[in-house]
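Architecture at a glance
What follows is the residue order along each chain.
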Amino acid sequence: MVNLHGHISLRLTRRGISESKVRLPEPPPDPNKLLSEEQVEEKAQQLVDWWRGKSNVFCITGAGLSTESGIPDYRGHEGSYHRGHKPVIHQQYMESEYQRQRYWGRSMIGWSKFSDAKPNKGHVALANLERIGCLGVSMEDQPSFYRPEDEDEFYFSSGQPRKLAIMTQNVDYLHEQAGSKAVLHLHGRGHIVKCMNCGRRQDRTEFTNELKTMNEQWLEDAIRGYEESDLRADGDAVVKDVDYANVHIPNCAHCNKGFWKTDVVFFGDAVPKHRVNICQEAVENADGILVVGSSLAVHSAFRHVRIANEKGIPIAILNVGETRAEVEGLDNILKIEAPAGTTLELCYKEFMEKEFHEH
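The paragraphs below set out a description of the structure included in this document. Chains are numbered independently. Their residues run from 1 in the order of the written sequence. Given that the model is predicted, a residue must reach a pLDDT of at least 70 before its local features are reported, and side-chain atom pairs must reach 80 or more before they are shown or counted; all residues, however, enter totals for whole chains, interfaces and linings. Side-chain descriptors were evaluated using all non-hydrogen atoms of the structure, hydrogens and water having been removed beforehand.

**Quick notes on the sheet that holds strand 11 (residues 333-336)**
If DSSP finds at least two bridges between two strands, the strands pair. Under the scheme used here, helices are H or I runs from DSSP no shorter than 4 residues and strands are E runs no shorter than 2 residues, and both carry numbers assigned from the N terminus. The parallel open sheet is built from six strands, whose spatial order is 5-4-1-9-10-11. Either end of the sheet is taken by a strand with one partner, and the two such strands are strand 5 (183-185) and strand 11. Strand-to-strand twist across the sheet, computed as the mean angle between neighbouring axes with direction ignored, equals 15 degrees. Of the strand pairs in this sheet, strand 9 (residues 288-292) and strand 10 (residues 315-318) are connected by four bridges, and their pairing is parallel. For Val291, the partnering residue across the bridge sits in strand 10 and is Ile317. Whether two residues are in contact is decided by their heavy atoms: any pair within 4.5 Å suffices. Throughout, an axis means a line fitted to C-alpha atoms (over the contacting stretch in the case of helices), and angles, computed between N-to-C directions, take values from 0 to 180 degrees. Together, strand 1 (57-61), strand 9, strand 10 and strand 11 form the strand contacts of helix 1 (residues 37-51), whose direction differs from that of strand 11 by roughly 155 degrees.

**Observations concerning helix 8 (residues 216-224)**
Residues of helix 8 that are buried: Trp218, Leu219 and Ala222. When helix 8 is viewed along its axis, its buried side chains cluster within an angular range of 95 degrees and face the same direction. Among the exposed residues of helix 8, those oriented more than 90 degrees off its buried face are Glu216 and Arg224. Relative accessible area decides the class of each residue, using a 1.4 Å probe on protein chains only: under 20% of the type maximum gives buried, over 50% gives exposed, and in between gives partly exposed. The directions considered for the arc run from the helix axis to the C-beta atoms.

**Quick notes on unusual backbone geometry**
Only a minority of non-glycine residues have a phi that is not negative, and only a minority of peptide bonds are not trans. Unusually for a residue other than glycine, Asp241 sits at a positive phi of about 55 degrees. Turning to its location among the elements, Asp241 is positioned in the loop between helix 8 and strand 8 (260-264). With a phi close to 60 degrees, Asn256 is a non-glycine residue in the positive phi region. The residue Asn256 is located in the loop between helix 8 and strand 8 in this model.

**Re the side chain of Ser180**
Tracing the backbone through its elements, the reader meets Ser180 in the loop between helix 6 (174-178) and strand 5. Assessed through its relative accessible area of 4%, Ser180 is described here as buried. Once residues within four sequence positions are removed from consideration, Ser180 is found in contact with His123, Leu126, Ala127, Glu130, Ile166 and His175.

**Examining the pattern of salt bridges**
The salt bridge criterion pairs a side-chain nitrogen of Lys or Arg with a carboxyl oxygen of Asp or Glu, the two atoms within 4 Å. Counted by the stated rule, this structure contains 10 salt bridges. Arg52 is paired through a salt bridge with Glu350; the nearest N and O atoms lie 3.1 Å apart. On the criterion of sequence distance, the pair formed by Arg52 in the loop between helix 1 and strand 1 and Glu350 in helix 12 (residues 340-358) is long-range, its members being 298 residues apart. Look at Arg52 and you get partly exposed, because its relative accessible area is 31%. The partner of Asp236 in a salt bridge is Arg106, with the nearest N and O atoms 2.8 Å apart. You can see Asp236 sitting in the loop between helix 8 and strand 8 and its partner Arg106 sitting in helix 3 (residues 97-115), a full 130 residues away along the chain.

Now the structure itself:
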């Protein structure tokens, strides 16, 4: 593959293993200032041409898709990593009360902006492409697609084929809000918190409101120095000149023992096996893999692209900036550097126009 902007070294990570110590890469260019309107149309046509003739396209999305909704990503042109962001590590969160205080203190500032975000035209276009049959893989349901504690659901299911259109690395809920139906959240969903002792779940906004009530003075002091540019990925925010040790966090009211954690996979934790199984089966049944807004630096997503490449399944990547596919030398991949939302919207319009003329 040819990168139009030269070689940019990429920090590779394995979500579920560790964070690399490699030097941070140079930020890629702003997708919305990269091309003219005519050039974007040309890029969209390239993607449409790749898409034609395929009936089982499986889509993998990353944080770059949600930046147009105001949610910062990690490695984009204004990504959190380029501003000193260090994501929470699973073991640190589980073992350190102070790390939990730090996490929830910052979350009280950053969560509302994250939770208030709305789907952008990229999310809407993918939902529409799924609706008209351009996205989605059908596969036979299997016991391995369920958590061990939920395996009985398989035996009482209808026996109908399972469908998967999108596997997202994002912990926002914007795909569903845009109308997508068959979505799997590889790293979990950020709007849910879970007790680490009894497993009880709670809406994160409700939990955040409880936190704010318990920490009114701390929050007032923290907000005083906050600026919009301090927002980070996944509902995090930089908070200056505060003592996190003064943050009060409620324990689970159900068991009175456990502490709460967002129901997402932190760095250092493992993606649940049943989700990996579903994605692997989707790849097996796909005749095309479309990657949108992801550098694929995280192993948990890249592994599925690598397997598809080994099987000779056509792959298209819509992302501005170097990806792990390029770093590791995967061949026969269509790489398109263009703004995700506009490009996907144009693809949907092209397919709809073709359908109109055919009928």
